[in-house]
Amino acid sequence: MASRPERLLRGSDSPLSASFLELFFDLAFVLALSQLATHLLHDLSLGGALHTALLLAGVWWIWVTTTWFADWYDPESPAVRWLLVGAALGSLLAGVAIPQALDGRGLLFAGAYVSVHIARGVVTALALRGHPRQSRALRILCWFSVSAVPWLAGGFLPEWRVPLWLLALAIDLTGPRLGWPTPLMGRTGQQELHLAGEHFAERYQQIMIIALGELVLVAGLSYAESDLALPQTAAFLLVFAAAVLIGLLYVTPAGQRLGPAIEHADPSRLGVITGYLHLVMIAGLVATAVGAELSIAHPLRTGDRAAVLVILSGPLLFLVGRILFSAAIHRRLSWPRVAALVVLAGAAAVVRLPLLAVSAVATGVVLVVVVLDHAGIGSYRHIQDR
């Protein structure tokens, strides 16, 4: 009979598909992504974009670390179930705080973020007493305890909030890449960082579907609020086409090969790096959702430089993350995708067209990339390991 700590850990016979509570946890990100898009829409300046990116990185790291947690521990364990419910609640509260997170609700955002990580660390460290895996839980708890200081200090000190939260995020995002080195305990070994590739690949696809769902929802709501004239209809159809094309671009081919790649790679490299790269792609989808609302609401508007940049930056950010994603898995680059980046960046610098036309340019570039990908056109060059 397995010991109590052993029963907490995911066994080799545990199903690799996402559990019901993992999918329930994902629902919190419907609110978070919607709030982030609204946050950016209300401030299209460079500062507004950077602030939105800061908040996105925070909620994204809740999702990534909770997904690791669900990969390492048995989803049927009562303790794991309650921690997933708690993570969903914490994510919802962080989402509620997003619109005023840099103003009056900073403590709510920081408190929700810190509570999810500290509660998870304390419960797993106590439950694994006497088990070799306890050291991993203790290292992770130590790192999140350190980062909790600038997180909470930023919640209390509005004038220092942004630099303190940037410091906290730097600690949290670099910890797993370094193996959470801790005095007297050293680093976490590769075996302790192992991830079930099939489970993790499925979870990434599920969160990408949620992000694409936010894009489709924004497009539908914006179109419903318009007068359904021809320009608005054209803008809506372009956004829908972009959502379909981005989904196709994600799953072919690297998205379909992520599971085996994670299984056979150094988890401290690929398992962590894919978390960073999906953050870039999710950021691209948030920007695309904002651009969709702008282009559908004001398809014939010209001279709106900020709106043009947002519409083009969404696909550009997604392509950056997607190119690096393929590079991480296959060690190769798709030159049509790199060329698409140049086209989008060039268009952002020179385009002076109505927002409908700008949206057509962005969607057209993604369409060309998808067509070339599926036709197998475009040379791939392998990137040599250093």
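Worth saying up front: this structure is predicted, and the values here are computed from it rather than measured.

(A) Focus on the pattern of salt bridges. What the rule picks out here adds up to five salt bridges. R81 is paired through a salt bridge with E76; the nearest N and O atoms lie 2.6 Å apart. Among the residues examined, E76 registers a relative accessible area of 47% and is labelled partly exposed. Where D373 meets R337, a salt bridge forms, and the shortest distance between an N and an O atom there is 2.4 Å. Of this pair, D373 sits in helix α14 (residues 355–375) while R337 sits in helix α13 (residues 335–350); the two residues are 36 residues apart in sequence, bridging distant segments of the chain. The same class applies to D373 as to R337, namely buried. A cluster of three or more residues bridged by salt bridges with shared partners is formed by E22, D26 and R203.

(B) Geometry of the packing of helix α8 (residues 197–224) against helix α9 (residues 230–251). Interaxial distance between α8 and α9 falls to 9 Å at its minimum, and their mutual angle equals 175°. By the angle between their directions, the pair α8 and α9 is classed as roughly antiparallel. In this structure, α8 contributes Y204, Q205, M208, L212, L215, V216, A219, G220 and Y223 to the contact, and α9 contributes Q232, T233, F236, V239, A243, I246, G247 and Y250. Per-class residue counts for the contact of α8 with α9 are 12 nonpolar, five polar and no charged.

(C) Structural context of the nonpolar core. Judged by nonpolar contacts, the single largest core of 104 residues is most densely connected at W60, W68, Y73, F109, W151 and W165. Tallying contributions element by element places helix α3 (residues 46–72) first for this core, with 14 residues. Counting residues in each nonpolar core, the second largest holds 12 residues, with V218, Y223, A243 and A292 among its members.

(D) The arrangement of the packing of aromatic side chains in detail. In total, this model carries 15 aromatic pairs according to the counting rule given. Pairing W63 with Y204 gives two aromatic rings, centres 5.7 Å apart and planes at 35°, and the pair type is tilted. Here W63 is found in helix α3, whereas its partner Y204 is found in helix α8, with 141 residues between them in sequence. Judged on exposure class, the residue W63 and its partner Y204 are both buried. When the ring centre of W72 is taken as origin, the NZ or CZ atom of R136, which lies over that ring, is 4.1 Å away.

(E) Just the environment of W82, in detail. Structurally, W82 can be placed in helix α4 (residues 78–97). Classification of W82 by relative accessible area gives exposed; the value is 65%.

(F) Expanded view of the side chain of Q35. Its place among the elements puts Q35 in helix α2 (residues 20–41). Given the relative accessible area of 17%, Q35 is considered buried. Polar contacts involving the side chain of Q35 include one to the main-chain carbonyl oxygen of G95, which spans 3.1 Å. Excluding residues that lie within four positions of it along the chain, Q35 makes contacts with G95, V96, I98 and P99.

(G) Representation of the environment of L169 in the model. Mapped onto the secondary structure, L169 falls in helix α7 (residues 161–178). The exposure class assigned to L169 is buried, which follows from its relative accessible area of 7%.

(H) Examining a nonpolar patch on the surface more closely. Side chains of L107, L152, F156, L157 and W160 sit close together on the surface and give an oily, nonpolar patch of about 500 Å² of accessible area. Residue position: F156 is located in helix α6 (residues 134–156). For F156, a relative accessible area of 59% corresponds to the exposed category.

(I) Spatial organisation of unusual backbone geometry. Of note in this structure, W180 is not a glycine but carries a positive phi near 45°. Mapped onto the elements of the fold, W180 is located in the loop between α7 and α8. The phi angle at L184 is positive, at roughly 75°, despite the residue not being glycine. Positionally, L184 belongs in the loop between α7 and α8. Taking relative accessible area as the criterion, L184 reaches 94% and is therefore assigned exposed.

(J) A look at the environment of A18. Take A18: it is sitting in the loop between α1 (4–8) and α2. With 57 residues separating them along the chain, A18 and P75 place their C-alpha atoms 8.8 Å apart.

(K) Geometry of the packing of α3 against helix α5 (residues 106–127). As a packed pair, α3 and α5 sit with axes 11 Å apart at the nearest point and diverge in direction by 15°. Accordingly, the angle class assigned to the pair α3 and α5 is roughly parallel. Note on packing geometry: the crossing formed by α3 with α5 is left-handed. Where α3 approaches α5, its residues L55, G58, V59, W61, I62, T65, T66 and F69 are matched on the opposing element by F109, Y113, V116, H117, R120 and T124. When grouped by side-chain class, the residues that make up the contact of α3 with α5 number eight nonpolar, five polar and one charged.

Rules used in this analysis
Residues numbered from 1 in each chain as written. Predicted model: local features only at pLDDT ≥ 70, side-chain atom pairs only at ≥ 80, totals over all residues. Heavy atoms only, no water. Salt bridge = Lys/Arg side-chain N within 4 Å of Asp/Glu carboxyl O. Buried < 20%, exposed > 50% of the residue type's maximum accessible area, 1.4 Å probe, protein only. Helix = DSSP H or I, 4+ residues; strand = E, 2+ residues; numbered from the N terminus. Axes fitted to C-alpha atoms, helices over the stretch in contact; angles between N-to-C directions. Parallel < 35°, antiparallel > 145°, perpendicular 65-115°, else oblique. Contact = heavy atoms within 4.5 Å. Nonpolar A, V, L, I, M, F, W, Y, C, P; charged D, E, K, R; others polar. Core = buried A, V, L, I, M, F, W, Y, C linked by side-chain atoms within 4.5 Å. Phe/Tyr/Trp six-rings, centres within 6.5 Å; stacked < 30°, edge-to-face > 60°. Lys NZ or Arg CZ within 6 Å of the ring centre and 35° of its normal. Polar contact = N/O pair within 3.5 Å; in protein donor to acceptor, adjacent residues only side chain to side chain. Patch = residues over 30% accessible without salt bridge, like charges linked within 9 Å, V, L, I, M, F, W, Y side chains within 5 Å. Areas by Shrake-Rupley, 256 points an atom, 1.4 Å probe, with all protein chains shown as cover. Left-handed = near helix turned anticlockwise from the far one by under 90°.

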